[in-house]
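Per-entry structural report
The primary structure of each chain is shown beneath.
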Amino acid sequence: MDSTTSNHKCNSLPAIRVYAFLGILVLTVFCSSRAVGADLIPFVIPSKPNPNSPIAAAPAEPIGADSPRLIARSGHFFRADKRVRLWGVNLSFGANFPTHEAAPHVAARLAAVGVNSVRCHHMDTARWPRGIWNAEDGKDIAPEALDRLDFFIDQLARRGIYADINLHVGREHSKYLGLPETGRSYDKVTNIFTPALVDAQKKYARDLLGHVNKYRNVRYADDPAIAIVEITNENSFFMWDGDRTLRTLPEYYAKILQAKFNSWLKTELGSDDKLRTAWSDGVQPLGENLLKNGDFESRQAGSSIPQYWNIEQHEGCRAWCSRQRLESRRALRIEIEKADDTEWHLQFNQRGLTLKKGQYYTVAFEAAADQPRQITCGVSQAGSPWANLGLSQRIELTKKRTTFRLGFTAKADEANARLSFSFGGGEIPIHLANIELRPGGRVGLKERESLSKGNIALFAETESPQRTIDRMKFLAETEKAYFDQMRTFIKKDLKCDALATGTIVFGPLGLYAQSDMDFIDAHAYWQHPRFPNRPWDAGDWLIDQKPMTDYPDEATLFRLAAQRLAGKPYTVSEYNHPAPLDSQAECVPMLASFAAAQDWDGIWLYTYSHSSDDWDRENMSSYFDIDTNPAKWGFMRAAAAVFVDNGIAELKSSLSISLPDSADRLASLAKLHIRHDCNMFATISERWEMGWRDVLKTRIASSLSGWAGSGGFSETTRIQWGTESGIGLYGAFGDKAWLLAGHAEKFAPVTRGLVAVYSPRFLAMAVTALDKKTLQQSSRVLITACGRCENTGMKFSEDRRTVGRNWGAAPVLIETVEGTVTLPSGCWKCQALGPDGMPQSEVPVSYRDDESIVKLSPKYKTMWYLLTRP
């Protein structure tokens, strides 16, 4: 029978009972007859922290002008001889420039949850007051912005919080230099190779890092509080749309890059004859068109659809076609009566095609649209499992009738393949004409191309394998030269001792380009908002309501793990599961515990805030801001105990997987990149047979120089992740912390009843020792638990995929948790804490068979329970 706190037992519980569940790997179904949901209650975490809160992090050592520098050594960060993990947040746009009145409170609030680093992001994107540039002409740094930044960095440093300065994020130097438009937001890609844009980046770096902080009397370049300098944000030839950007460069920039390419080819191969020979392997003339009626001359009986062609319509989407003239020539016009945001719900295709594995094919067609839009051209199986057979490429259509030529190598033999154009996601009509699918068509050195003329194009429409590889090698070496040059400039010319990194990893070649930086960085988002019509339209966006716990095979974490480079510190400087995901509470516990087990070196959530003057807001304002989002911010203190204080110890087993498989390292990486693009987990899985479950037991990293590994069984750390019938649960269990995220019915069977949840249906929970002791020995344990998080009056669409602009108002609300947590026995006192972290009510602790049981309940109106004992 349970006893009350007035008749408790103070015996210690044997460790074997508490951790017995750690070895359980198979999930079983647990059906609860209790309520599956709870009312949402206000939970506004104040903008000014209560210094007396019993869960506030201990004050950190201030960072003075003469403090030891943060350094990279032995694959990790150190301050003198002490290992350091960075736990932080981004500050975006105006949030980097709080007033002198607000700055101490912001810094104190960050420190109170254990944050020890901020990433100063998007400072350079806008003019004052949203950015660092003066409001008049945007050409120079605004003195007021610099003054506020100086003061803020000092306030952060006083509380032991490092700054990561992003040099280039959004600045379009081309506009201020009078250069032609780059055709790409923020000058990305072009500023890697255009001399004038590189020089402009160096000037800004010199002006900012050479500035003396008047509150600290030290140059930014010399200030230990400026721990990190990032060269450019999410910027690479190999980034998500890098290929499209390079293919469509404006003439001014295209000529610069082509000249560099021809110079590189001349150095590598020396002559046209050698180049022609090198690129001749795989060259093959075009064969017969495999498509029937590619000119649409014949129609199906009683239909406007051309014979042998089909219009696929899914989920109520509708389209029809007609023959019309476009620019005085015939074309098929496809009108879209109804479309949703899923592109493949409308397709125009021809089936029954026969492809041979390893054969190269060329697809050619003419296309246009009434207004600029995108479609996708692909070749895949025409029946289940509908596998892609080698081609899936986004096509940018304009009003001008344009000929497109695409090439691919068939991945498999297929007797029922289809060529398809997917055109859902919008209602702008498209035009197609003269479609061909032919074997062959690869070219090497074209007839009129010559090194002596310097006219060899960076891209040929359908090129030989070696020509593709040489282009990829050139781009990788050019990108690496840029980052190495910028790092040298920062370190040598500016004499800045901050750690320097270039940009995030984009596939094997992107990793190579970053390989001589001080550390390696990555970004990831689960269910980033999509904008089906206009980029960043605040009224027209969608988020799929998919908990990551239910989709481990799609999860961000395993791809992130594969982007680590052996021997280098590794960080994730942007991460989020954006609002208003019903499952967003899983974000912080999953990331912190997985990163701790993988022994990463830094994490920054994106983002604390975008504003410099809205710190007292009491509601969520956007997808990403976490300062007023208790489903994120409410877990930060627990997560600091997990990641910074080693609440989850690193896994003992490790494996560094060598990517190159030949003496020509760069060619080997290029081949991997061609096959897997930016998917580093797919890349390492090709080199070493590995699935995501293996990463739950082993720390992994990519290597450019050889294999390495160590065995061992982690006695105190278990990462579990499983799904059953689409219902999942993630658990991280250590001797200082337990973290769980997923469906309530899974908690009890996985923990053998140590954690049982009755409501809500989905939640995240962290049980963490705050005194760096094991849960067996701790005298201060924090339970953090939360389900959904919404604003008051938030208006969701029927499918809960968007709120448009209807974000609601204050106060922000949380879904509280009903359940029980069983801990080691002892003279526990449990208090439910208010949003300010102060005790607001006593919670009874019951005892049974040498176990201490805490009952979480919505009646306490909290997500925080603090247990203490002598």
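Helix and strand counts for the protein chain come out as 19 helices and 41 strands. Relative to the compact-globule value of 29 Å for 870 residues, the protein chain shows a C-alpha radius of gyration of 29 Å, a close match. Counting only residues that meet the buried cut, the protein chain has 61% of its 870 residues in that class. When the accessible surface of the protein chain is split by element, carbon and sulfur atoms take 49% of a total near 33,700 Å². The centroid of the 104 positive side-chain charges in the protein chain is displaced by 2 Å from the centroid of its 102 negative side-chain charges.

Our focus in this paragraph is the sheet that holds strand E23 (residues 570-576). Reading across the sheet, the eight strands line up as E21-E10-E7-E6-E5-E24-E23-E22 and stay open at both edges, with parallel pairing between neighbours. Both outer strands of the open sheet, strand E21 (499-501) and strand E22 (520-525), are each paired with one neighbouring strand and no more. Neighbour-to-neighbour, the strand axes of this sheet turn through a mean angle of 25°, independent of strand direction. In this sheet, strand E24 (residues 602-609) lies alongside strand E5 (residues 86-92) in parallel orientation, the contact comprising five bridges. Looking at E24, one finds that Gly88 is bridged to Trp604. The sheet strands contacting helix H6 (residues 195-209) are strand E7 (162-168) and strand E10 (226-232), and the helix crosses E7 at an angle near 150°.

Glancing now at the packing of aromatic side chains. The description of an aromatic ring pair uses the distance of the two centres, along with the angle that the planes make with each other. Within this structure, the stated rule accounts for 41 aromatic pairs. A centroid spacing of 4.8 Å and a plane angle of 45° characterise the contact between Phe531 and Trp536, whose relative ring orientation is tilted. Trp536 gets classed as exposed once you look at its relative accessible area, which sits at 53%. Centroid distance Phe558 to Trp721: 5.5 Å. Interplanar angle 35°. Geometry classified as tilted. Of this pair, Phe558 sits in helix H12 (residues 556-562) while Trp721 sits in strand E28 (residues 718-724), and the two are 163 residues apart along the sequence.

Turning our eyes to something else, we now look at the sheet that holds strand E41 (residues 864-868). The eight strands are arranged E28-E29-E30-E32-E33-E41-E37-E38 in an open sheet whose pairing can be described as antiparallel. Sheet topology places E28 and strand E38 (839-843) at the edges, where each strand pairs with a single neighbour. Between one strand axis and the next, the sheet turns through 15° on average, direction left out of account. Of the pairings in the sheet, the one linking strand E32 (residues 762-769) to strand E33 (residues 780-786) comprises six bridges and is antiparallel in character. Looking at the pairing, Met765 lines up with Ala785 of E33. The sheet strands contacting helix H13 (residues 587-598) are E28, strand E29 (727-733), strand E30 (737-743) and E32, and the helix crosses E29 at an angle near 50°. Its contacts with the sheet place helix H15 (residues 636-643) against E30, E32 and E33, and it is angled at close to 55° to E32.

What follows is about the environment of Ala756. Looking at the secondary structure, you find Ala756 in strand E31 (residues 755-759). What makes Ala756 buried here is its relative accessible area of 8%. Separated by 12 residues in sequence, Ala756 and Ala744 place their C-alpha atoms 7.6 Å apart. Ignoring sequence-local partners within four residues, the contact set of Ala756 consists of Ala748, Gly819 and Thr820.

Here the protein chain averages 93 in pLDDT, and 96% of its residues register 70 or above. Note that residues 1-37 has pLDDT below 50 and, in this model, 87 contacts with residues that lie over four places away or in other chains.

Along the polypeptide, Ser174 turns up in helix H4 (residues 173-177). The exposure class of Ser174 is buried, given its relative accessible area of 3%.

Its place among the elements puts His610 in the loop between E24 and helix H14 (630-633). Assessed through its relative accessible area of 26%, His610 is described here as partly exposed. Beyond its immediate sequence surroundings of up to four residues, His610 is in contact with Ser92, Phe93, Gly94, Ala95 and Asp625. At 2.6 Å, the side chain of His610 and the side chain of Asp625 are in polar contact.

Turning next to the pattern of salt bridges. Taken as a whole and assessed by the stated rule, the structure comprises 59 salt bridges. In this structure, Arg329 engages Glu366 in a salt bridge whose closest nitrogen and oxygen atoms are separated by 3.6 Å. In this pair, Arg329 sits in strand E13 (residues 329-338) while Glu366 sits in strand E15 (residues 360-369), placing the two residues 37 residues apart along the sequence. One salt bridge in this structure joins Asp341 and Arg801, with 3.0 Å as the shortest N-O distance. With Asp341 in the loop between E13 and strand E14 (346-355) and Arg801 in the loop between strand E34 (789-792) and strand E35 (809-815), the pair connects residues that are 460 residues apart, well separated along the chain. The structure contains a network of salt bridges with shared partners spanning Asp341, Arg530, Asp544, Asp799 and Arg801.

What follows deals with the nonpolar core. Counting residues in hydrophobic clusters, the biggest one holds 196 residues, and the most contacted among them are Trp87, Leu110, Leu605, Trp633 and Trp721. Counting residues per element, this core draws most heavily on helix H10 (residues 465-493), which supplies 10 residues.

Our next topic: the state of the cysteines. Here the structure, examined in full by the defined rule, presents zero disulfides. Considering cysteine sulfurs only, Cys321 is the nearest to Cys377, which forms no disulfide, with 17 Å between them. Of all cysteine sulfurs, the one in Cys827 lies closest to Cys830, which takes part in no disulfide; the gap is 15 Å.

Time to look at the packing of H10 against helix H16 (residues 665-676). It is at 9 Å that the axes of H10 and H16 come closest, and there the two elements cross at 105°. Relative to H16, the element H10 lies roughly perpendicular. When H10 is examined against H16, the residues Thr468, Ile469, Met472, Lys473, Ala476 and Glu477 are found in contact with a partner set consisting of Leu666, Ala667, Ala670, Lys671, His673 and Ile674. Looking at the contact of H10 with H16 residue by residue, the class counts come to seven nonpolar, two polar and three charged.

Looking now at the pairing of E14. For E14, a buried count of seven out of 10 residues is recorded, marking the element as mostly surrounded by other parts of the structure. Both E14 and strand E19 (residues 414-422) contribute to a ladder of six bridges, which runs antiparallel. Along E19, the bridge assignment pairs Leu353 with Ala417.

Taking 1.5 Å as the rise per residue, H13 with 12 residues should run 16 Å; its terminal C-alpha atoms sit 16 Å apart, in good agreement. Burial analysis of H13 places 12 of its 12 residues in the buried class, which makes it a mostly covered element. When we look at burial in H13, the residues that qualify are Cys587, Val588, Pro589, Met590, Leu591, Ala592, Ser593, Phe594, Ala595, Ala596, Ala597 and Gln598. Following H13 by one or two positions, Asp599 adopts a phi angle in the positive range, close to 65°.

Moving on, we come to the pairing of E13. Strand residues, when the strand is regular, have side chains that alternate between the two faces of the sheet. Of the pairings in the sheet, the one linking strand E12 (residues 318-326) to E13 comprises nine bridges and is antiparallel in character. Residue pairing across strands places Cys321 opposite Ile334, the latter belonging to E13. Hairpin connection from E12 to E13: two residues lie between these consecutive antiparallel strands, with Glu327 at a positive phi of about 55°. Sheet topology places E13 next to strand E20 (residues 430-439); three bridges connect them, and they run antiparallel. Looking across to E20, one finds that Arg333 is bridged to His431.

Here is what the cut-offs are and how they apply
All residue numbers refer to position in the chain's written sequence, counted from 1. Local features are withheld for residues below a pLDDT of 70 in this predicted model, meaning they are given only at 70 or higher, and side-chain atom pairs are given and counted only at 80 or more; totals for whole chains, interfaces and linings count all residues. The basis for every side-chain value is the complete set of heavy atoms in the structure, and neither hydrogens nor water enter the calculation. Strands here are runs of E lasting at least two residues and helices are runs of H or I lasting at least four, both read from the DSSP assignment and numbered beginning at the N terminus. Only the C-alpha atoms count toward the radius of gyration. The rule for a globule is 2.2 Å times the residue count to the power 0.38. Relative accessibility thresholds used throughout: buried, under 20% of the residue-type maximum; exposed, over 50%; partly exposed, between the two (1.4 Å probe, protein chains only). Values of accessible area rely on a 1.4 Å probe in the Shrake-Rupley scheme; residue burial ignores everything except the protein chains shown. By the counting rule applied here, Lys and Arg register as positive and Asp and Glu as negative, while His and the ends of each chain are not counted. All charge positions are set by atom: Lys at NZ, Arg at CZ, Asp at CG, Glu at CD. DSSP-based pairing: two strands are paired if at least 2 bridges between them are found. Axes here mean lines fitted to C-alpha atoms, for a helix over just the part in contact, with angles spanning 0 to 180 degrees between N-to-C directions. Residues count as neighbours in contact if any of their non-hydrogen atoms are within 4.5 Å of one another. Only Phe, Tyr and Trp rings are paired, with Trp represented by its six-membered ring, and only when their centres lie within 6.5 Å; those with planes under 30 degrees apart are stacked, over 60 edge-to-face, the remainder tilted. Here pLDDT means the predictor's own confidence in every residue, given as a number from 0 to 100. Any pair of nitrogen or oxygen atoms within 3.5 Å is treated as a polar contact; in protein, a donor-acceptor pairing is required on top of that, and neighbouring residues in sequence qualify only through side-chain atoms on both sides. Salt bridges are defined as contacts in which a side-chain nitrogen from Lys or Arg sits within 4 Å of a carboxyl oxygen from Asp or Glu. Among the buried residues, those of types Ala, Val, Leu, Ile, Met, Phe, Trp, Tyr and Cys that are joined through side-chain atoms within 4.5 Å form a nonpolar core. Two cysteine sulfurs form what is called a disulfide whenever their separation falls within 2.5 Å. Should an angle fall under 35 degrees it is called roughly parallel, over 145 degrees roughly antiparallel, and 65 to 115 degrees roughly perpendicular, with every other angle called oblique. Each residue gets one of three labels, nonpolar for Ala, Val, Leu, Ile, Met, Phe, Trp, Tyr, Cys and Pro, charged for Asp, Glu, Lys and Arg, and polar for the others, Gly among them. A helix is expected to reach a length of 1.5 Å times the quantity of its residues less one.

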